[in-house]
Amino acid sequence: MSDPTIPAARPVNPRFSSGPCTKIPGFSLDMLADAPLGRSHRAAVGKSKLKEAIDLTRDMLGVPAGYRIGIVPASDTGAVEMALWSLLGARPVEMLAWESFGEGWVTDVVRQLKLDATVRKAPYGEIVDFAQVDFDKDVVFTWNGTTSGVRLPNGDAIPADRAGLTICDATSAAFAMALPFDKLDVTTFSWQKALGGEGGHGVLILSPRAVERLETYTPAWPLPKIFRLTSKGKISEGIFEGETINTPSMLCVEDYLVALKWAKSIGGLKALVARAEANADVIADFVSRRDWIANLAADPATASTTSVCLKFTDPRIRDGAAFAKAVAKRLEKEGVALDAGAYRDAPPGLRIWCGSTVETSDVEALMPWIDWAFAAEIEAQSKAA
């Protein structure tokens, strides 16, 4: 046996991490020169930057008029927690989970808020059957499973005349997938995903129905300051106009603005979605022509176009977890794919971020390296036997 031939071409940018994700093409620190560093976020310049970020978010995502958009602490996690603690308890709840972050929201609602929720789960690679969900209840779910590589293909199963609220963690979907805001009452994300922004800040989008709930319902549990969205029974409008609950990083806000303006310059949401789909298509084509690797998503209709998760299926593999880790390690050692291993709670395999800031040419250049790393590890396993 001979060692597999190393491919000649390499990805220009080997950053395929699923969060924080790769920066926009051509990024440099010089792009952040306009950040108002050392200034108060409550000064006119700080408020204007935050308001600009909110306005551009609305424009880029197509968020309807009447929906509030706020920049909140603690990334997507903070945004989801604010929604859960502030809104749930008024109606029965259904929790939908098909990956680790969805499981985390189940834990928070059932064990921390101690609500008697209906919990529907699906294994990694599948999503729950939305036809069985009772939307007269408040329903909590992730749009795209960052750790499982599956997504909701559309919002058709969510009724327009629902009585409950829909609370959607869309952190690895926003800016790379079209979100039906008329079907979503709460939408959350972090800009460190599809736009490659810096971590630490979350975005919370509320429908008029969610605002009505906030103003007419008081939870039975105390709310810490960082979760409070109302004052004296009315929504705190300042949060949705650039007055953040705590001090934001103006450097991170500037970075988000740079990414938003780049996105607008290439054609907006339509172009962002097309970039992610083109990247995922490269991997889908690669997988379709090999019998030793498969998409973790059981149904191609639900396969993610951002966090693409792959599993090795070759019967010669004796220890799936060790094999997958070794392949990922080879890719990282060669500098062709950084942080491409599966999430720690997910089935062993690879996870390749294909979001909108990734260049399709880099995904194409990576594919022969996966061939190489697989063959090299099969060879190593054979020699060790």
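Preceding block: the structure.
In this numbering scheme, every chain counts its residues from 1 along its sequence in written order. Side-chain atom pairs in this predicted model are given and counted only at pLDDT of 80 or more, local residue features only at pLDDT of at least 70, and totals for whole chains, interfaces and linings cover all residues. The basis for every side-chain value is the complete set of heavy atoms in the structure, and neither hydrogens nor water enter the calculation.

**A closer look at the sheet that holds strand β11 (residues 307-312)**
Overall, antiparallel pairing links the 3 strands, which are arranged β10-β11-β12 in an open sheet. Every interior strand has two partners, whereas the edge strands, β10 (293-295) and β12 (350-353), have only one. For this sheet, the mean inter-axis angle between neighbouring strands, taken without regard to orientation, is 30 degrees. Across the sheet, helix α8 (residues 360-384) touches β10, β11 and β12, and the angle it forms with β12 is around 170 degrees. The pairing criterion for strands is at least two bridges between them, as found by DSSP. Helix and strand labels come from DSSP, where a helix needs a run of H or I of at least four residues and a strand needs a run of E of at least two; each type is numbered from the N terminus. Interaxial angle, 0 to 180 degrees, is taken between N-to-C directions of lines fitted to C-alpha atoms, where a helix line uses only the stretch in contact. Contact definition: two residues touch when any of their heavy atoms are within 4.5 Å.

**Side note on the environment of Asp169**
Looking at the secondary structure, you find Asp169 in strand β5 (residues 166-169). Note on Asp169: relative accessible area 5%, which makes it buried. A sequence separation of 18 residues divides Asp169 from Thr187, and the C-alpha atoms of the two residues are 6.0 Å apart. Apart from the residues within four sequence positions on either side, Asp169 is in contact with Asp76, Val80, Phe101, Trp105, Phe141, Thr142, Trp143, Asn144 and Thr188. Of note is the side chain of Asp169, whose polar atom sits 3.1 Å from the side chain of Trp105. Any N or O atom pair separated by 3.5 Å or less is treated as a polar contact, with the protein-specific requirement of one donor-capable and one acceptor-capable atom, and with residues adjacent in sequence counted only for side-chain atom pairs. One polar contact links the side chain of Asp169 to the main-chain amide nitrogen of Thr171, over a distance of 3.2 Å. Only protein chains enter the accessibility calculation, which uses a 1.4 Å probe; a residue whose area is less than 20% of its type maximum is buried, one above 50% is exposed, and one in between is partly exposed.

**Topic: the sheet that holds strand β2 (residues 93-97)**
One open sheet holds the 7 strands; their spatial order is β1-β7-β6-β5-β4-β2-β3, and the pairing between them is mixed. Of all the strands in the sheet, the pair left with one neighbour each is β1 (68-73) and β3 (118-121). Taking the axes of each pair of neighbouring strands and ignoring which way they run, one obtains an average angle of 15 degrees across the sheet. Bridge analysis of β2 against strand β4 (residues 138-142) gives 3 bridges, and the strand direction is parallel. Bridged to Glu94 within β4 is Val139. Seen against the sheet, helix α2 (residues 75-87) touches β1, β4, β5, β6 (186-190) and β7 (201-206) and runs at an angle of roughly 155 degrees to β6. Contacting β2, β3, β4 and β5, helix α3 (residues 100-112) runs over the sheet at an angle of about 150 degrees to β2.

**Brief notes about the nonpolar core**
Working definition of a nonpolar core: buried Ala, Val, Leu, Ile, Met, Phe, Trp, Tyr and Cys residues. They are joined through side-chain atoms within 4.5 Å. The biggest cluster of nonpolar side chains holds 94 residues, and the ones touching the most others in it are Phe141, Trp143, Phe175, Phe312 and Ile370. When residues no more than four places from it in sequence are discounted, the contact partners of Phe312 are Trp292, Ile293, Ile317, Phe323, Ala324, Val327, Gly349, Leu350 and Phe374. Of all hydrophobic cores here, the second largest spans 35 residues; its members include Ala79, Leu87, Val186 and Phe240.

**Focus on the packing of helix α6 (residues 268-288) against α8**
Relative orientation and spacing of two packed helices are given, respectively, by the angle between their axes and the distance between those axes. Where α6 contacts α8, the two axes come as close as 9 Å, and the packing angle between them is 20 degrees. By the criterion of interaxial angle, the relationship of α6 to α8 is roughly parallel. Like other packed secondary-structure pairs, α6 and α8 cross with a definite hand, here right-handed. Between α6 and α8, the residues in contact are Arg275, Ala278, Asn279, Val282, Ile283 and Phe286 and Thr360, Val363, Glu364, Met367, Ile370 and Asp371, respectively. Throughout, the term roughly parallel applies to angles under 35 degrees, roughly antiparallel to angles over 145, roughly perpendicular to angles from 65 to 115, and oblique to all others. Two helices crossing with the near one rotated counterclockwise from the far one by less than a right angle form a left-handed crossing, whereas a clockwise rotation gives a right-handed crossing.

**Some details on the pattern of salt bridges**
What counts as a salt bridge is simple: a side-chain nitrogen of Lys or Arg found within 4 Å of a carboxyl oxygen of Asp or Glu. Following the criterion strictly, the structure yields 22 salt bridges and no others. A salt bridge links Asp255 to Lys23, with the shortest nitrogen-to-oxygen separation between them at 2.7 Å. Of this pair, Asp255 sits in helix α5 (residues 250-265) while Lys23 sits in the segment before α1 (44-61), and the two are 232 residues apart along the sequence. Lys23 shares its class with Asp255; the two are buried. Arg290 is paired through a salt bridge with Asp371; the nearest N and O atoms lie 2.7 Å apart. Placement of Arg290 in the loop between α6 and β10 and of Asp371 in helix α8 is noted, with a sequence separation of 81 residues between them. Taking relative accessible area as the criterion, Asp371 reaches 24% and is therefore assigned partly exposed. Taken together, the shared-partner salt bridges in this structure form one network comprising Lys23, Glu198 and Asp255.

**Regarding the packing of helix α7 (residues 320-333) against α8**
Look at α7 against α8: their axes get within 9 Å of each other, and the N-to-C directions meet at 125 degrees. Overall, the two elements α7 and α8 adopt an arrangement that is oblique. As α7 runs across α8, the sense of the crossing is right-handed. Contacts between α7 and α8 involve Phe323, Ala326, Val327, Arg330 and Leu331 from the first element and Trp369, Ile370, Trp372, Ala373, Phe374, Ala376, Glu377, Ile378, Ala380 and Gln381 from the second. Partitioning the contact of α7 with α8 into residue classes produces 12 nonpolar, 1 polar and 2 charged. Asp, Glu, Lys and Arg are counted as charged, while Ala, Val, Leu, Ile, Met, Phe, Trp, Tyr, Cys and Pro are counted as nonpolar; the rest, among them Gly, fall into the polar class.

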